[in-house]
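# Examining the three-dimensional arrangement
So you can see what is in the structure, the chains are spelled out below.
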Amino acid sequence: MSTDGTPRPNGHADADGTPPARDRDPAPPPASTPPPAPPPAVELLVHGVGGTTPEEMLEDNRVTRITGDSTANIHRRTDDLDDRPWAADTPPLREAYTWCNLTSGNGARALWLLLLPFMIVNMAHWMRPATRGPVRTHRLYDGLVRFTALSLTVLLVAGACAVSLDLVAWQCTGSAACTDTVSWLKPLEQGGGWWGQPGRRLALAAALPVALIALLWWLSHRTWSAYESASPPVRPRPDGGEHALLSLPGFWYGRGLVARLRSAHTTAALLTVAAALLAASWSHDRGANGAGPLEATGWALAALTLAGWIVIAVQQVRHGRTEDAPDQRPSPRLARALPWAAVALLALVLLHTGWSRDGWATEGRYPTGSAVFPVLIVVQGALAVGLALTAYALHRRARDADRGALFGLGGACVALLACGIAGVFTGGVAQRVADWLDPSAVPGEEGATIAGPPVVLSWEASAIPVLLLVVVVFAAVVVVRVRRERARLAPTVKGRYPGEGQEELADRSGEIAGALARAGLTETAGPLVGWISGACLALGLVAVAGAAVGESPSRAAADGPAAVSVVADACQGLGSWLMGAGVVLLLALGRRAYRDAGARRTVGILWDIGTFWPRAAHPFAPPCYAERAVPDLSWRMGTWIEVTGGRLVISGHSQGSVLAAAAVWQLDAATRSRIALLTYGSPLTRLYGRWFPAFFGAAALRSLHRDVPCWRNLWRATDPIGGPVGVTGPTGTAVDRGPLADPLHYGRNLLRPLPEPVLGHGDYADDPAFAQERAALFTLLTRDGAPPALPEQAAAR
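Think of each chain on its own: its residues are numbered from 1, step by step along the sequence as written. Reporting of local features is limited, given that this is a predicted model, to residues whose pLDDT is at least 70; pairs of side-chain atoms are given and counted only at 80 or more, and all residues count toward the totals for whole chains, interfaces and linings. Only heavy atoms go into the side-chain values, all of them from the structure, while hydrogens and water stay out.

## Focus: the layout of surface pockets
For the largest pocket, the calculated volume is near 1,500 Å³. What lines the largest pocket is a set of 45 residues, among which L116, M119, I120, L417 and I421 lie closest to the centre. Those elements giving two or more residues to the lining of the largest pocket turn out to be α3 (116-125), α4 (135-172), α12 (410-437), α13 (455-489), α15 (525-549), α17 (562-595) and α22 (684-691). When residues of the lining of the largest pocket are assigned to their parent elements, the largest contribution, eight residues, is made by α12. Note that Gly is not counted as nonpolar here; it falls among the polar residues with everything else outside the nonpolar set of Ala, Val, Leu, Ile, Met, Phe, Trp, Tyr, Cys and Pro and the charged set of Asp, Glu, Lys and Arg. Of the residues contributing to the lining of the largest pocket, the split by class is 40 nonpolar, five polar and no charged. In this structure, the second largest pocket encloses a volume near 1,300 Å³. Cavities and pockets were defined on a 1 Å grid built over protein atoms only: a cavity is a set of grid points that admits a 1.4 Å probe from which the probe cannot escape, a pocket is an open set flanked by protein on both sides within 12 Å along at least five of seven lines, and lining residues are those with an atom within 4 Å of any such point. Forming the walls of the second largest pocket are 46 residues, and the residues nearest its centre are R128, T131, R132, H138 and L245. Those elements that place two or more of their residues in the lining of the second largest pocket are α4, α9 (292-318), α23 (693-696) and α24 (698-707). Secondary structure elements follow DSSP: runs of H or I no shorter than four residues count as helices, runs of E no shorter than two count as strands, and numbering proceeds from the N terminus. By residue number, the principal contributor to the lining of the second largest pocket is α4, which donates nine residues. In terms of residue class, the lining of the second largest pocket is made up of 19 nonpolar, eleven polar and 16 charged. Grid points are joined across faces, edges and corners, and a volume is the space filled by probe spheres set on the points.

Written out as structure tokens, the structure reads:
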């Protein structure tokens, strides 16, 4: 229509010349916003116990290291160095984190075989039941473990003193018949010259325990600078609520504590040598031939030694881990000064011991030597009992699902086992050296040229066959149970493969049933530890009683029935021989490990589980590789997500799943929202949840699932290590998928013409469920919905 309301013919313009609306050019449609590109995605692989190469993990011979060093590193396929968006029809980029060199990198680590008791007692620190209160009970538990660990250091050094000061410098060089047998000791023979005086022989023989202390200090310091010094990522702390202990930012940074513990244990070891030397000179200086000034000097040095022990005891009470933040405090001046003060005191004691004395001669056993080891056994037994009572008090307050193995007494049993192994090792070495010095007769027996080691050490060496008998009997019972379980399961195997119409094969069913039965042996670890630790406690009491009698096992049973006498003689002789053979085997294995990379890896595997935990009780224990591996993984995940904004699935097998879980715990909530966790063959619940409930119990794993909703765990019933996690999410979604079929097929078929192997703990990636679950996790991570904004990373500061 016109401006006056008159209609106009179609196609005519309005009065102002504007064409009709339908004759105008249509307006261009608004530009459509292109869909956002999918974020990049990476699967970070973490291998398990034993390790593997990046080429094997990435299934490609062309790999490139993108970060890390020769000890621990991350590789990618050379063709995948650049990030790319992930699509549902393409596999994700893959990275491989290799950490096996942290436990088996060079031959010097074969020396860790000698530190087995220290590693075991350090594990006891982490085995307390899962309850957060009361704080005093937790501190009492930790303090008792630290004192037990300190007693092991004293026991090791006292054993070295028993060999060098007692057997060699006191007994053998004091007997002409013994030096005739061991000719290289002839220059030290009593009355044979300047070195013939007892004090000078003892001062020279003290070089052996001092060298042992120096070796332990060097091993601890060398690994401390490489392991405990790895800086954890700085991240915002979550506000409010209770969080898993492994999420604390200072958990994997033990540099300060290990330095303080190393100072205390080194000082205690040096004071042990000083006390042993003072005990020898004190017995002479108080006699008729003693000199007043030397006796007074001895009392002054003894007072200084006692003061040093008091300072060490106070430090053990005050020592403790600081996990709320990385412990970057400098070591206290007292802690730094103590070892040097002990060195100065030992130098004065050596001068005092080597001072010329008239009428001083050596005969019989070392003064007070027979009393030291029984006292140590009693102290260690009392500490173990106190630890058991404390652990049981915590156990009663814990929830049923978090109570752990052996009624909460796992830590006490393990600590007692460490003491038993250390005692047997010490006694066996002393007995073996005594037999070597006097091969003509059993030391201490009629016709022997030397009195032999302290009686209690002979009793401890005699305990080795008894402990082996306990293990053999337990193993026989387990074998019978496995055979019965195999026979029970064999008829049910064919029913696990309902889609296969083949006839049942007895051999095939027996093979699979045997794998299922053997996988259940993991559950026997608790009873075995309980039986062995109980045997150690009983045998320790017997050894103390035998020391009170003052005779070796063979002499104590000489007047008894013939059968008892024969058993006592056999145990004493066999125990000495077995311990000697064990030492030779350890030395041979260590020598081979220096030359053979394969042997080095074998030695390293022994420590992959025991050295996961930080050194919180004993500084001379093998180092904690997780204090390097966990920060490595946390840094890689956090920085890659910060730079790319992408999504990441961390995929861990066996021990790698434990490292993966620990690393995810260390991340902030926003970063965790871009991460999924895929575990397979995982011991998180089966081993760690049972033995370390405070850190991997049901409550801790539920909190991990709340932090990482995208989590799947694959397991097989034939796997002796891995198992179900047993965690269900808030919506009722279970983390576990399994048990997976193993083998994948019962018999031959058109697609699988050859029999499938029973995989057990390995080759989870060959199961179709692996690829399915990995793809499902990436789909969940990339679904609609923006994740929280990322915080600033410490690396950008």
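## Description of the sheet that holds strand β8 (residues 736-740)
Think of it this way: DSSP has to see at least two bridges between two strands before they count as a pair. Ordered in space as β2-β3-β4-β1-β5-β6-β7-β8, the eight strands form an open sheet in which the pairing is mixed. With one partner strand each, in any of the chains shown, β2 (63-68) and β8 form the two edges of the open sheet. Between one strand axis and the next, the sheet turns by 20 degrees as a mean value, whatever way the strands run. Here a residue-residue contact requires only that any non-hydrogen atoms of the pair lie within 4.5 Å. Note on definitions: angles span 0 to 180 degrees between N-to-C directions of axes, and those axes are lines fitted to C-alpha atoms, for helices only across the stretch in contact. On the sheet, helix α25 (residues 768-781) packs against β1 (41-46), β4 (93-98), β5 (647-653), β6 (675-680), β7 (711-716) and β8 and is oriented at approximately 165 degrees with respect to β6.

## Some remarks on the packing of helix α11 (residues 369-397) against α13
Running from N to C, α11 and α13 point in directions that differ by 55 degrees, and their axes come no closer than 7 Å. Taken as axis vectors, α11 and α13 run oblique relative to one another. Two secondary-structure elements touch here, α11 through F373, P374 and I377 and α13 through V456, L457 and E460. Looking at the contact of α11 with α13 residue by residue, the class counts come to five nonpolar, no polar and one charged. Angular relationships are summarised with four words: roughly parallel below 35 degrees, roughly antiparallel beyond 145, roughly perpendicular across 65 to 115, and oblique for the angles in between.

## Brief notes about empty space enclosed by the protein
On inspection of all chains with the given rule, the structure shows four cavities of 30 Å³ or more. Its boundaries defined by the atoms lining it, the second largest cavity holds a volume of some 50 Å³. Around the second largest cavity sit 13 residues that line it, and M127, A405, G408, G410 and W691 are the ones nearest its centre. For the lining of the second largest cavity, a count of residues per class yields six nonpolar, four polar and three charged.

## A look at the pattern of salt bridges
Here, a salt bridge means any side-chain nitrogen of Lys or Arg that lies within 4 Å of a carboxyl oxygen of Asp or Glu. Scanning all chains against the criterion turns up 25 salt bridges. Here R77 makes a salt bridge to D60, at a shortest N to O gap of 2.9 Å. Of this pair, R77 sits in strand β3 (residues 73-77) while D60 sits in the loop between α1 (54-58) and β2, and the two are 17 residues apart along the sequence. A relative accessible area of 17% places D60 in the buried class. Residue burial is assigned from relative accessible area. The probe radius is 1.4 Å, only protein chains are included, and a residue is buried under 20% of its type maximum, exposed over 50%, and partly exposed in between.

## Digging into helix α8 (residues 255-285)
Between the first and last residue of a helix there are one fewer steps than residues, each counted as 1.5 Å, and that sum is the expected span. When the terminal C-alpha atoms of α8 are compared, their 45 Å separation across 31 residues agrees well with the 45 Å that a helix rising 1.5 Å per residue should span. The buried count for α8 comes to 27 of 31 residues, which makes it a mostly enclosed element.

## Brief notes about a nonpolar patch on the surface
By definition, no residue in a patch forms a salt bridge, and every one has over 30% relative accessible area; like charges are joined within 9 Å, nonpolar side chains (Val, Leu, Ile, Met, Phe, Trp, Tyr) within 5 Å. All accessible-area figures derive from a Shrake-Rupley calculation using a 1.4 Å probe, and residue coverage is judged against the displayed protein chains alone. On the surface, W194, W195 and L204 cluster together to form a nonpolar patch covering roughly 330 Å² of accessible area. Secondary-structure assignment places W195 in the loop between α5 (176-181) and α6 (198-205). Overall, the relative accessible area of 36% leaves W195 in the partly exposed class.

## Structural notes on the side chain of D438
Within the fold, D438 resides in the loop between α12 and α13. Residues adjacent in sequence count toward polar contacts only when both atoms are side-chain atoms; beyond that, a polar contact is any pair of N or O atoms within 3.5 Å, and within protein one must be able to donate a hydrogen and the other to accept it. Within the structure, the side chain of D438 is placed 2.8 Å from the backbone nitrogen of T449, a separation counted as a polar contact. Setting aside its immediate chain neighbours within four residues, D438 contacts A448, T449 and I450.

## Some words on α4
Compared with an ideal rise of 1.5 Å per residue, which puts 38 residues at 56 Å, α4 spans 53 Å between its outermost C-alpha atoms and is within 8% of the ideal. The sharpest bend along α4 measures roughly 30 degrees and falls at D166. A residue's bend is the angle separating two fitted axes: one through the seven residues that end there, the other through the seven that start there.

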